[in-house]
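Fold and geometry: a report
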Amino acid sequence: MTGFVAVHTGAGNFLDETLYEHVCREACNQAINVLYAGGTALDACERAIVILENSTATNAGIGSNLNWDRQVECDACIMDGASLQFGACTNVSDVKNPISLARHLCERQSKLLSFGRIPPMVLVGQGASAYAREIGLQIVPAEHMISANAAKKYDHYRSQIMQYEEINRAKLSPLDTVGAVCVDAEGSIVAGCSSGGLMLKLSGRVGQAATYGAGCWALMDENTSMSAASCTTGNGEYLMKTLFAKELVDDLIGCNCPITSQHLTYKKKLLESPFLSKQKAIHAGSLSIIYNTASGDGDLLWAHTTNSMCIGFMSTKQKKPKFVLSKLPQNLTCGTKPVINGHHFKLI
C-alpha cells in the first residue's frame, strides 16, 4: 500500500525537542510499516497514535497531565474520511491506548447492535472502560497511567496554583494533544488525536480530543477527487466552540492554495470568531493533509499560534521520516497570529 502519514506531539512551548523527535520518528516508521504490510489508512493512523500514547514524554495515554484530583482522564477520537464514521472516548483512566477504543467505536458505527440499537459514537468513564475490557483492549491499574514527570508537574502547579493565571500555565506546560493524519494513494484518509487534557482540569472535563468536529475531521470527496483531513491541538474549549477541525477541512476542499486556505481559516474561523470575541490570546495548532487522487499530489500543512510545535512525516517512498520543529517568528505574539508551513508529496 502506498501512503503518507504525519504526526505531531502538540502545540506548546517545547523546551527539549529531542524528546519529541524520537517519538515522532518512531510513530511515522511504525505507521508506514503498517501500510507496507497491507494495512489501511485507519490502521496506520491508529498505530501512529498508539506510539505517541505509549511515550511518557507526551500528554496522551501513559504520562498524561493530571486533573485537579490527581487522576489521569484521557480523551481520544478518530475519523475515517471514506466512511465518514467517527468514534471517541473520554474520561478514561485505565485504558492503556484510548485511541484503540475510539477506533473500535468508529468502525462499529456501520453495524447495528442487537434489537436494532444504534451503536455508540462516544463512550465515557467507567462505561468506556468496561466496553474496552469487553472487546479485549489492554486495561491497566489507573495508577500505572501516572508517570513520575506528570506527578512532579502536578505537585508543583497544584501547590502554587494561586501564582499562575491560565496564560502562564499554557506557556510553562510544554505538552498538549497529540495527533496523526494518514492518506493512501486511493484517497482513503483518516485523522485522529489523543490527549490527557489540560493540567489541573476539573474532573469530568471533556476536551476537543473527544469532540465531534473539533479534535479531528476527515473527508474523501469522490465527486472532486479530493481528500482532506485535520487534527487539532491547543485550547480545547476554543476549538470546540469553533468546530475548528471541520472548518479546516471544509475550507481545504476545493481551495486554490492550501497555505492561503489555512491562513484564512485561522484568521476568520478562529482568531476572529464571534464565539471567541472576548479572548485576547488563542493557543492552537493543527496538522492537515489535502490530497488529489487523480494526480497523486498532496500537501501536508502544519500551523500553530503557540511558541512551537513538533511534527514528523513520512511517505512509503521515503527511507526515513522527516522531523520539523516549527517555531513562531519572534515578531509574532503568541496566541494572536499563526505560523503556517507545508510540505508537498506525491504518491502516484
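Within any chain, residue numbers begin from 1 and follow the written order of that chain's sequence. pLDDT decides what is reported in this predicted model: residues at 70 or higher carry local features, side-chain atom pairs at 80 or more are listed and counted, and totals for whole chains, interfaces and linings draw on all residues regardless. Only heavy atoms go into the side-chain values, all of them from the structure, while hydrogens and water stay out.

Only Phe, Tyr and Trp rings take part, Trp by its six-membered ring, and two of them pair if their centres are within 6.5 Å. Stacked means planes under 30 degrees apart, edge-to-face means over 60, and tilted covers everything else. Enumeration according to the criterion identifies 7 aromatic pairs in this entry. Both rings, one in Y212 and one in W217, keep their centres 5.0 Å apart while their planes meet at 70°; by these two values the pair is edge-to-face. Ring geometry for Y291 versus F345: centroids 6.2 Å apart, planes at 0°, classification stacked. One end of the pair, Y291, is in strand β9 (residues 284-292); the other, F345, is in strand β13 (residues 339-346), and 54 residues separate them in sequence. As far as burial versus exposure is concerned, Y291 and F345 are alike and both buried. Three or more aromatic residues joined by ring pairs make a cluster, and in this case those are F4, Y291, W302, F313 and F345. For the purposes of this entry, the term helix denotes a DSSP run of H or I that reaches at least four residues, the term strand denotes a run of E that reaches at least two, and both are numbered from the N terminus. For every residue, the accessible area (1.4 Å probe, protein chains only) is compared with the maximum for its type, and the residue is labelled buried under 20%, exposed over 50%, or partly exposed between those bounds.

Moving on, we get to the packing of helix α1 (residues 18-36) against helix α2 (residues 41-54). Two elements in contact, α1 and α2, have axes whose closest approach is 8 Å; the angle formed by their N-to-C orientations is 155°. By the angle class used here, α1 and α2 are roughly antiparallel. Crossing of α1 against α2: the hand is right-handed. The segment α1 lies against α2, with V23, E26, A27, Q30, A31, V34 and L35 engaging A41, D43, A44, R47, A48, I51 and L52. Along the lines of polarity and charge, the residues of the contact of α1 with α2 split into 10 nonpolar, 1 polar and 3 charged. Helix axes use the C-alpha atoms of the stretch in contact, all axes being lines fitted to C-alpha atoms, and the angles between their N-to-C directions lie in the range 0 to 180 degrees. Here roughly perpendicular refers to angles of 65 to 115 degrees, roughly parallel to angles under 35, roughly antiparallel to angles over 145, and oblique to all remaining angles. Helix crossings are classified by the rotation of the near helix relative to the far one: an anticlockwise turn of less than a right angle makes the crossing left-handed, while a clockwise turn makes it right-handed. What makes two residues a contact is simply this: any of their non-hydrogen atoms within 4.5 Å. Each residue gets one of three labels, nonpolar for Ala, Val, Leu, Ile, Met, Phe, Trp, Tyr, Cys and Pro, charged for Asp, Glu, Lys and Arg, and polar for the others, Gly among them.

A separate point is the side chain of N65. With respect to the helices and strands, N65 occurs in the loop between α2 and β2 (74-80). A relative accessible area of 4% places N65 in the buried class. Polar contacts here mean pairs of N or O atoms no more than 3.5 Å apart (in protein, one a potential hydrogen donor and the other a potential acceptor; neighbouring residues in sequence count only if both atoms are side-chain atoms). Separated by 3.0 Å, the side chain of N65 and the backbone oxygen of G197 make a polar contact.

Looking at the element boundaries, T316 is found in the loop between β11 (308-315) and β12 (322-327). With relative accessibility at 12%, the residue T316 sits in the buried group. It is 18 Å that separates the C-alpha atoms of T316 and H8, two residues lying 308 residues apart in sequence. Sequence-distant contacts of T316, defined by excluding residues within four places in its chain, comprise M1, T2, G3, I32, L35 and Y36.

Right, let's get into the confidence of the model for the chain. Residue-level confidence of the predictor, termed pLDDT, takes values from 0 up to 100. Considering every residue of the chain, the mean pLDDT works out to 93; 95% of them sit at 70 or more. Across residues 169-174, where pLDDT falls below 50, the model places 13 contacts with residues more than four positions away in sequence or in other chains.

To continue, consider the pattern of salt bridges. By salt bridge we mean one thing: a side-chain nitrogen of Lys or Arg within 4 Å of a carboxyl oxygen of Asp or Glu. Within the structure shown, the criterion is met by 12 salt bridges. Residues R103 and E46 are paired through a salt bridge, measuring 2.5 Å at the closest nitrogen-oxygen approach. Of this pair, R103 sits in helix α3 (residues 98-108) while E46 sits in helix α2, and the two are 57 residues apart along the sequence. Given a relative accessible area of 14%, E46 falls into the buried group. Residue E237 pairs with R205 through a salt bridge whose shortest N-O separation is 2.8 Å.

Turning our eyes to something else, we now look at the sheet that holds strand β6 (residues 189-195). Taking strand neighbours across the sheet as the criterion, the 8 strands line up as β4-β3-β2-β6-β5-β1-β11-β12 in an open arrangement whose pairing is mixed. The two strands at the open ends of the sheet, each matched to only one other strand, are β4 (122-124) and β12. In this sheet, neighbouring strand axes are inclined to one another by 10° on average, regardless of whether the strands run parallel or antiparallel. Strands pair, by our definition, only if DSSP identifies at least two bridges between them. Pairing of strand β3 (residues 85-92) with β4, which is carried by 3 bridges, proceeds in the parallel orientation. From the neighbouring strand, C89 faces β4, where its bridge partner is L123. Its contacts with the sheet place helix α4 (residues 125-134) against β3 and β4, and it is angled at close to 110° to β4.

For the rest of this paragraph, the subject is the side chain of S315. With respect to the secondary-structure elements, S315 resides in strand β11. Within the structure, S315 has its side chain in polar contact with the backbone nitrogen of K317 (distance 3.0 Å). Look past the residues within four positions of S315 in its chain and what remains in contact with it is G3, F4, I32 and L347.

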